[in-house]
Amino acid sequence: MDEAAPNPDCLGCQALLKRVARLERRIAELEERLGRNSSNSSRPPSSDAPGDRAERPSRPGSGKKPGGQPGHEAHLRALLPKEQVTRHERRDPTRCRQCAASLARAEELEPLRHQVVEISRIVPDVTEYVLGRRRCRICGTLTTARLPGGVPQGMCGPRLSALIVLLTGVYHLSRRNTTALLHDVLGLKLALGSVSNVEKRMAQALGGAYTEALLHVRRARVKHLDATSWAQSGEPRSLWTFASRLATAFVITANATTQSVRALVGQARGTLVTDRGPQFGFWAMERRQICWAHLVRRFTALAESPRPEVRRLGEALLLLSQVHLAEWHRVRDGNETRERLQRLIARLEPIFLGHLKRGASLQVPDVSGACANLLAHRDALFTYAFTPGVPPTNNHAERELRGFVLWRKQTAGTRSERGDRFAERVMTAVHTLRKQGRHVLSYLEEVCIAALRGEPNPALMTRGP
């Protein structure tokens, strides 16, 4: 016998139907959450479960053997320039390798060059200052000779200090591993406190360079801003990367509020590339570009939804995104004109906004709100097509943050304000130097020397914004 259908006039049945509907929505929400991975959410790839990676379609194999294929263009090791060659040794053949005939009068061709790079045995250069002491015959005061100007009070000279900072602040070795490496390579025995003191002095010495980089990014025509979590003695902090084409500034703040962002970016000028965080709302929408990489992941999640109407919406938004981003890549690579991209955007934008309006009217939790939020950001969707130098994604800032994220995973953050300043300033200097193609260790050594002599910092920026 069939079960009786619920009576809509029965109060108990109505409550039961509402509970069933609520549970079905909850099940759908949990199923959607369970299916999240790095391709359809902001989760990093390292958080994907093995099963998630296994289910993704893999590219079919080509059937070729691994390695270079026959006929491919050779990629030879580049030779060092002649000014870096320490010595030359000429070798000439005397007999033919086939018939052993003399090659004394044979035709001479352009010789081949083969370079072998070796390092000299690293021996510390130790200077011992013998400071004489005299006791006054009249008053009995003991007077000791002073160290020459530019000589540090501790045992670490400028180049050694720069190397220590490079190991701890750039390659993120622990202080204990740093002292072990210096002992293994240089035969030096340093205390952990000596390493900490070097970090403290370098954080102070890099203050001017840090301000220089931050001001440069603020004045830049296009800048990227992104954040990740940080911790100071277990207390949550926000770590920001504020980057332009030639400079990167890292800033650790107590939180990620609008007030903190305003203090970081300074005067609102130029184009800012970010995600859709509400703390960026003070920046004019027409001078913002929100990250399409985030949007593509969001649309992918919608396209994988178990709800048919949400899935169709996600598929439509994802297709439109792929179309204009593919055209952008052709423009970036010089295979298409920006004018063609702009005409394409003019045709696609009304269709795209129409789908968002439809999504906002679905009354589906989370989906409708996200579509409404995107409609509020409509003026920041396609800035990249009309403003030269603006990319459609914030990948530049995310790449800059990656080194800091690895540092955080290794150390769980810092333990003091001094540690925060050291991390900010060293990483700022190094990332900025690398963008300009400058030698990191040499610059850090110059900073140490200038600080010991009481001179201004060497310039970090060599070009304008």
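Residues numbered from 1 in each chain as written. Predicted model: local features only at pLDDT ≥ 70, side-chain atom pairs only at ≥ 80, totals over all residues. Heavy atoms only, no water.

Novice: Residue-level account of the state of the cysteines, with values.
Specialist: Within the structure shown, the criterion is met by zero disulfides. Residue Cys136 stays outside any disulfide, its sulfur separated by 3.7 Å from that of Cys139, the closest cysteine. Taking the relative accessible area as the measure of exposure, Cys136 reaches 31% and is therefore partly exposed. Take Cys156: it sits in no disulfide, and the sulfur closest to it among the cysteines is that of Cys448, at 9.8 Å. (Disulfide = S-S within 2.5 Å. Buried < 20%, exposed > 50% of the residue type's maximum accessible area, 1.4 Å probe, protein only.)

Novice: Would you mind going over a nonpolar patch on the surface in detail, with residue names and values included?
Specialist: Where nonpolar side chains cluster on the molecular surface, the patch consists of Ile119, Ile122, Leu181 and Val185 and spans about 340 Å² of accessible area. Structurally, Leu181 is set in helix H4 (residues 175-186). Classification of Leu181 by relative accessible area gives partly exposed; the value is 32%. (Patch = residues over 30% accessible without salt bridge, like charges linked within 9 Å, V, L, I, M, F, W, Y side chains within 5 Å. Areas by Shrake-Rupley, 256 points an atom, 1.4 Å probe, with all protein chains shown as cover. Salt bridge = Lys/Arg side-chain N within 4 Å of Asp/Glu carboxyl O. Helix = DSSP H or I, 4+ residues; strand = E, 2+ residues; numbered from the N terminus.)

Novice: Which residues make up the pairing of strand S5 (residues 248-253), and what values go with them?
Specialist: S5 sits mainly inside the fold: six of its six residues count as buried. Burial along S5 is two-sided: Thr248, Phe250 and Ile252 facing one way and Ala249, Val251 and Thr253 facing the other are all buried. Hairpin remark: strand S4 (residues 235-243) followed by S5, antiparallel, with four residues in the connecting loop. (Pairing = 2+ DSSP bridges.)

Novice: Break down the packing of aromatic side chains for me, citing the residues and quoting the values.
Specialist: All told, the structure shown has eleven aromatic pairs when counted by the stated rule. Each ring, one from Trp328 and one from Tyr384, has its centre 5.6 Å from the other, and the planes form 85°; the classification is edge-to-face. You can see Trp328 sitting in helix H9 (residues 308-332) and its partner Tyr384 sitting in helix H12 (residues 383-386), a full 56 residues away along the chain. Summarising the aromatic geometry, the rings of Phe404 and Trp407 are spaced 5.4 Å apart at their centres and angled 15° between planes, so their arrangement reads as stacked. One end of the pair is Phe404 and the other is Trp407, both in helix H13 (residues 395-411) and three residues apart, which spans about a single turn. Among the aromatic residues, those joined into a cluster by ring pairs are Trp230, Phe250, Phe404 and Trp407. (Phe/Tyr/Trp six-rings, centres within 6.5 Å; stacked < 30°, edge-to-face > 60°.)

Novice: Please give an account of the pattern of salt bridges that cites residues and values.
Specialist: Applying the stated criterion to the full structure yields twelve salt bridges. Ionic pairing is found between Arg159 and Glu445, a salt bridge with its closest N-O pair at 3.1 Å. Residue Arg159 is found in helix H3 (residues 158-170), and its partner Glu445 is found in helix H15 (residues 440-453); the two are separated by 286 residues along the sequence. Taking relative accessible area as the criterion, Glu445 reaches 16% and is therefore assigned buried. Among the salt bridges present, the one from Arg340 reaches Glu336, with a minimum N-O distance of 3.4 Å. Judged by its relative accessible area of 41%, Arg340 falls in the partly exposed class. Residues joined in a network through salt bridges with shared partners are Glu327, Arg330, Glu336 and Arg340.

Scope: geometric values only; no functional claims are made or implied.
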